[in-house]
Amino acid sequence: EWRELGSPQLILACSTCHSIFAKRLPREKIVSLWEILDRVGLPEAERIAPRTMVSVHDPCTARHEPQIHASVRSLLGKLGFEIDELSLSKEKTECCSFGGLMYFANRDLADEVIRRRIEETSENMLAYCAMCRDCFASAGKPTWHLLDLVFGESGIEAATVKGPDYSQRRENRARLKRSLLRELWDEESPGHEDFPDVTLHIADHVRDLMERRMILVEDLQQVIRWAEKTGNRLVHRETGNYLAHYRPGTVTYWVEYSRAEDGYTVHNAYTHRMEIVEEIKR
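Parameters and conventions
- Residues numbered from 1 in each chain as written.
- Predicted model: local features only at pLDDT ≥ 70, side-chain atom pairs only at ≥ 80, totals over all residues.
- Heavy atoms only, no water.
- Pairing = 2+ DSSP bridges.
- Helix = DSSP H or I, 4+ residues; strand = E, 2+ residues; numbered from the N terminus.
- Contact = heavy atoms within 4.5 Å.
- Axes fitted to C-alpha atoms, helices over the stretch in contact; angles between N-to-C directions.
- Buried < 20%, exposed > 50% of the residue type's maximum accessible area, 1.4 Å probe, protein only.
- Polar contact = N/O pair within 3.5 Å; in protein donor to acceptor, adjacent residues only side chain to side chain.

> Describe the sheet that holds strand S8 (residues 234-235), and please don't skip the residues or the numbers.
The five strands are arranged S7-S11-S10-S9-S8 in an open sheet whose pairing can be described as mixed. Every interior strand has two partners, whereas the edge strands, strand S7 (200-202) and S8, have only one. In this fold helix H10 (residues 204-213) packs onto S7 and strand S11 (263-272), with an angle of close to 30° to the strand it touches most, S11. Here helix H11 (residues 217-230) sits on the sheet and contacts S7, strand S9 (242-246), strand S10 (252-260) and S11; the angle it forms with S10, its principal contact strand, is near 70°.

> So what's going on with the environment of Glu 28? Which residues, and what values?
Here Glu 28 shows up in the loop between helix H1 (15-24) and strand S2 (30-32). Overall, the relative accessible area of 61% leaves Glu 28 in the exposed class. Sequence separation between Glu 28 and Arg 169 is 141 residues, and the spatial gap between their C-alpha atoms is 32 Å.

> Quick one: what's the story with the side chain of Asp 134, residue by residue and with numbers?
Topologically, Asp 134 is positioned in helix H6 (residues 130-138). Residue Asp 134 is classed as buried on the basis of its relative accessible area, which comes to 11%. Side chain to side chain, Asp 134 and Arg 169 meet in a polar contact 2.9 Å long. What Asp 134 contacts, discounting residues up to four positions off in sequence, is Gly 163, Pro 164 and Arg 169.

Next comes the structure, spelled out in structure tokens:
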């Protein structure tokens, strides 16, 4: 489809996208958003010149892109920021912990990588990769994404807010797909139910647990809907909480929950890949 359009120049904001497209398509067709903004100027936005020092974290997928390093730093200068360079930056930058999906494969190691990186500087940080930014902010390090600053969000709130969790990322992608299909192609999303009609109340500590265990809200909705429909659940005699499991695919999901006025409260959740074979004895 890109070639049918006459192979126009691709403008990429994501450094991973940039590295992938650069390998697959002619290099002269690829340019980063940061180079474009540095060349044509910043969009109009209400900005307060912060006169603040920041340390720039370059994503590992932009390690060999000096033109991107230069454009990012040039933009920061135009935005009123001074730069305290990390000892390992640009072509020597370190991974944020998301590379190679370390964040999912070995969470303890990922936490250590994040801790080591953010302790390299006492300044707030600036990233231009969404995953880098969210990894550092999740550990309590104030970190802006460059687009926050471009569009005027230079307050500390934009630097400290945590990124979306595992479920929210999934929901954001599904919403984006639906809106693009509807607005650009006049199509409706394929007919599967993205979000089962089950309202869940989930405390922050339980959401953190779900994030570490890679459990989606949608997964828990399926379990509870199945348990309520079939009655296939256990009841704790003292708390009255229910415990139920469901295996929609290769993974079995378990949820401890209780009923609320307008839905269900989730108390715990975990998952495994064992298949539970149930046998009814008469």
